[in-house]
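Chains, contacts and geometry: an overview
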Amino acid sequence: MAESSPTSTKARKTRRRSVESLPPTMSSSSGPLTEELQCSICLDVFTDPVSTPCGHNFCKTCLNKCWDNSQTCNCPYCKETFKIRPDLKINTTLRELVDHYKKKSPEKKPEVLKKPEILKKTEVLCDICEERKLKALKSCLVCQSSYCETHLERHLKVAGLKKHKLINPVRNLEDYICQKHERPLELFCRDDQTCVCTICAVKDHKNHNTVPIEEEIEEKKTQLMKTQKDVQQMIQDRIKKIQDVKHSAEVRKRNTEEEKAARVELLTDLIRSIERCQTELLEMMEEQQKAAEKQEEVLIEELEQEITELKMRNTELEQLSHTEDHLHLLQIYSSLCSSRNTRNWSEISVKTDESLETLRRALTQLQDTVQEKLTLTDLKRMQQYEVDVTLDPDTAHPYLILSDDGKQVRHGDIRQKLPNKSERFNRCVNVLGKEGFSSGRFYFEVQVKGKTAWDLGVARESINRKGEFTLSPSDGFWTVWLRNGNEYKALSDPSVSLSLRVKPQRVGVFVDYEEGLVSFYDVESRSHIYSYTGQSFTDKLYPFFSPCNNDGGKNSTPLIITPVNHNK
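Residues numbered from 1 in each chain as written. Predicted model: local features only at pLDDT ≥ 70, side-chain atom pairs only at ≥ 80, totals over all residues. Heavy atoms only, no water.

1. Quick word on the overall build of the protein chain
In plain terms, the rule: Working definition: helices are DSSP H or I runs of at least four residues, strands are E runs of at least two. Numbering for both runs from the N terminus. We call two residues in contact when some of their heavy atoms are within 4.5 Å. What sets the accessible areas is the Shrake-Rupley method with a 1.4 Å probe; for residues, cover comes only from the shown protein chains.
For the protein chain, the count of helices and strands is 11 helices and 23 strands. If you take every contact in the protein chain between residues at least 6 apart in sequence, the share linking residues at least 24 apart comes to 58%. Accessible surface, the protein chain as shown: approximately 37300 Å² in total, 51% of it carbon and sulfur.

2. A look at the pairing of strand 12 (residues 408–411)
What counts here: With a 1.4 Å probe rolled over the protein chains alone, any residue whose accessible area is under 20% of its type maximum counts as buried; one over 50% counts as exposed, and the rest are partly exposed. By definition, two strands form a pair when at least two bridges between them are found by DSSP.
What you see with strand 12 is a clean split: Val409 and His411 sit on the buried side and Gln408 and Arg410 on the side with no burial. Across 3 bridges, strand 11 (residues 400–402) lies against strand 12 in antiparallel orientation. Considered in strand 12, the bridge of Leu402 is made with Val409. Linking strand 11 back to strand 12 in an antiparallel pair, the connection comprises 5 residues, with Gly406 at a positive phi of about 70°.

3. Some words on empty space enclosed by the protein
For clarity, the threshold we go by: The way it works is a 1 Å grid over only the protein atoms, where trapped points that fit a 1.4 Å probe form a cavity and open points with protein on both sides within 12 Å along at least five of seven lines form a pocket, and then any residue with an atom within 4 Å of a point lines it. Grid points are joined across faces, edges and corners, and a volume is the space filled by probe spheres set on the points. Put simply, Ala, Val, Leu, Ile, Met, Phe, Trp, Tyr, Cys and Pro go in the nonpolar bin, Asp, Glu, Lys and Arg in the charged bin, and everything else, Gly too, in the polar bin.
A complete count under the given rule lists 2 cavities of 30 Å³ or more for this structure. Reported here for the second largest cavity is a volume of approximately 30 Å³. What lines the second largest cavity is Asp388, Val389, Thr390, Gly433, Lys434, Glu435, Phe437 and Pro543. Residues that form the lining of the second largest cavity fall into these classes: 3 nonpolar, 2 polar and 3 charged.

4. As for the sheet that holds strand 12
Within a sheet, each strand pairs with its neighbour through backbone hydrogen bonds, oriented either parallel or antiparallel. Going by this rule: An axis is simply a line fitted to the C-alpha atoms; with a helix, the fit covers only the stretch in contact. Between two such axes, the angle follows the N-to-C directions and lies from 0 to 180 degrees.
An order of 11-12-23-14-19-20-21 is seen for the 7 strands of this open sheet, with the pairing classed as antiparallel. Here the strands that pair on one side only, and so sit at the sheet edges, are strand 11 and strand 21 (527–532). Strand-to-strand, the axes of this sheet are offset by a mean angle of 20°, without reference to chain direction.

5. Section: helix 5 (residues 92–104)
Just so we agree on the cut-off: Here the expected length of a helix is defined as 1.5 Å per residue gap, with one fewer gap than residues. For this quantity, the arc is that covered by the directions from the helix axis to the C-beta atoms.
The terminal C-alpha atoms of helix 5 lie 18 Å apart, and with 13 residues this matches the ideal 18 Å at 1.5 Å per residue to within 8%. Buried within helix 5 are the following residues: Leu94, Leu97, Val98, His100 and Tyr101. Relative to the axis of helix 5, the buried residues are bounded by an arc of 160° and lie together on one face.

6. Section: the pattern of salt bridges
One side chain can pair with another of opposite charge once the charged atoms of both are near each other. Quick note on the threshold: Each reported salt bridge corresponds to a side-chain nitrogen of Lys or Arg within 4 Å of a carboxyl oxygen of Asp or Glu.
Per the stated rule, a full pass over the model turns up 19 salt bridges. One salt bridge in this structure joins Glu215 and Arg190, with 3.9 Å as the shortest N-O distance. Of this pair, Glu215 sits in helix 9 (residues 213–321) while Arg190 sits in the loop between strand 8 (187–189) and strand 9 (194–196), placing them 25 residues apart in sequence. Assessed through its relative accessible area of 41%, Glu215 is described here as partly exposed. Judged by relative accessible area, which is 24%, Arg190 ranks as partly exposed.

7. Focus on the side chain of His397
For His397, the position within the fold is in the loop between helix 11 (354–383) and strand 11. The class of His397 is buried, set by a relative accessible area of 3%. Other than its neighbours up to four places away in sequence, His397 contacts Arg415, Phe425, Asn426, Arg427, Cys428, Val429 and Asn430.

8. Describing the layout of surface pockets
The calculated volume of the largest pocket comes to roughly 2300 Å³. Lining the largest pocket are 47 residues, with Asn74, Lys79, Phe437, Ser439 and Arg441 sitting closest to its centre. Where the lining of the largest pocket is concerned, the elements lending two or more residues are helix 9 and strand 14 (441–447). When residues of the lining of the largest pocket are assigned to their parent elements, the largest contribution, 14 residues, is made by helix 9. Considered class by class, the residues forming the lining of the largest pocket number 12 nonpolar, 18 polar and 17 charged.

9. Observations concerning the sheet that holds strand 17 (residues 487–490)
Taken in spatial order, the 6 strands make up an open sheet running 13-22-15-16-17-18, and their pairing is antiparallel. Of all strands in the sheet, those with a lone pairing partner are strand 13 (431–432) and strand 18 (496–498), marking the two edges. One ladder, built from 6 bridges, connects strand 15 (residues 454–460) with strand 22 (residues 541–546); its direction is antiparallel. Within strand 22, the position partnered with Ala459 by the bridge is Tyr542.

10. Brief notes about the packing of aromatic side chains
To keep it simple, the criterion reads: Each aromatic pair joins two rings of Phe, Tyr and Trp (for Trp, the six-membered one) with centres within 6.5 Å, and gets the label stacked for planes under 30 degrees apart, edge-to-face for over 60, and tilted for any other angle.
Across all of its chains, the model carries 13 aromatic pairs by this definition. For the ring pair Phe444 and Phe545, a centre distance of 5.8 Å and an interplane angle of 55° mean the geometry is tilted. You can see Phe444 sitting in strand 14 and its partner Phe545 sitting in strand 22, a full 101 residues away along the chain. You can call Phe444 buried: its relative accessible area is 1%. Owing to a relative accessible area of 1%, Phe545 belongs among the buried residues under this scheme. Seen from their ring centres, Trp478 and Phe537 are 5.0 Å apart, and the 90° between their planes marks the pair as edge-to-face.

11. Focus on a negative patch on the surface
Applied cut-off: Patch membership is restricted to residues that have no salt bridge and whose relative accessible area is over 30%. Joining uses 9 Å for like charges and 5 Å for the nonpolar side chains Val, Leu, Ile, Met, Phe, Trp and Tyr. His is not counted, nor are the chain ends, whereas Lys and Arg count as positive and Asp and Glu as negative. Charged side chains are reduced to one point each, which is NZ for Lys, CZ for Arg, CG for Asp and CD for Glu.
Together, Glu280, Glu283, Glu286, Glu287, Glu293, Glu296, Glu297, Glu301 and Glu304 line one region of the surface with negative charge. Checked against the element boundaries, Glu293 lands in helix 9. Among the residues examined, Glu293 registers a relative accessible area of 37% and is labelled partly exposed.

12. Looking at the nonpolar core
Stated formally: What is meant by a nonpolar core is a set of buried Ala, Val, Leu, Ile, Met, Phe, Trp, Tyr and Cys residues, joined one to another through side-chain atoms within 4.5 Å.
In this structure, Trp454 and Phe545 are the most contacted members of the largest nonpolar core, which totals 47 residues. Within the second largest apolar cluster, 20 residues are counted, among which are Leu37, Phe82, Leu97 and Tyr101.

Dropping the structure here:
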């Protein structure tokens, strides 16, 4: 075997000294270090501790079993997913710390499993010893005395004493004697739930179900062990719940920070858009003002020209009205009185509220821009929670045909002969995703292009899958559907008709379990379709799909679960 290098030996000694120099509270089982040395999977002190790339520690065996039983490799604590299964190396520093901890308190168990003081055994002394009383080995119910090993010999050898009832040493021997018949309480009446002597059994408890105390004790111990196991499980469940709550708090805090950053970025972008809109609006209004002023100048010039001409004509008419030359009057009358080529100014108006109309159009355009940016930002944020959804063939109605990869479903014309499993829909042409979700957020997209009818959304695990039911939140469904090619509804209580600007080609479904939110988006137009808010989820939620009936081939196109395009 190769010798270890001086450097590695020195490093190990340094680590050992640092462990041994810990304060008493840090090295005791009741100190704050106990929780830090517990594996969050088995909830026991680490055995061969290993670290994940995200920095959390587990027993090597526990983590490997967890990953062996799962299709994905993710951290059991923070749920971070690893594309490639990490090569686990034992954390030697943490292992030395655990070994040191175990040596310091080898007999100690976690604080929650300690026995209460009242259950600790109290030492019983021999009643016969005179000078230095020795520890009693047995107590005799007949003699009502306790004996050490030496003074117990007579009960083990003398024939008459051998018949006496010996029990483990106790102080309160009188409690083991029937006060009425002064006989040992050797039996237990199950009808009255009390200890009795042999005389009580044939008199006061005749025809009752009586058994030897030893037999009842064994049964009670079995029940106690079961109760203790249940209590310990309750303790572990609550410890796990504390970890879940802490984890949820961490996730919520991280999500809040991410959303704050995204909102600041969005609002900054919107402020820039508003400032740009303001600049463009003011420039447009200035240009319109200049154009209006120029138009006004032209109109005034034309009006002044006509006024001059009309004044000249008025003078001519005035002179003509006083002439004595009748012949001349008749000759020029027609030309002076006939209508001249002048504009009809009553039809010409000057717009005074054009700037208000411009402002109105600009604000409408800005509102559309803001709404589009908000929806796009929300959609991009939700797409970060994309999950890989695969259809579960065990839940599919016999008329549904699933693709080999579990990503497409369409309605067939022939009912397939399939096992009538409890999880299978038998009346409605529905199918669920394989994986359910009981916490956090998840998002998936479905192509609905070319279909005239479909149902999409999520459903809780405990839904009715046999016979008729309604797609409503009260029955465990949060869905949106299409009927007759252009009729969209959100199936809430009551249902809500949806007016969509464009026909969705791809629908995104987002769920926030803790917030009680289910949202639907038109991915292509980046527009919001509908949201269920303020819901209360308790069961697992599963992606829900229905391609609806073929309708004579008009609705034969399949629903297709598609990957998210993050570059859009």
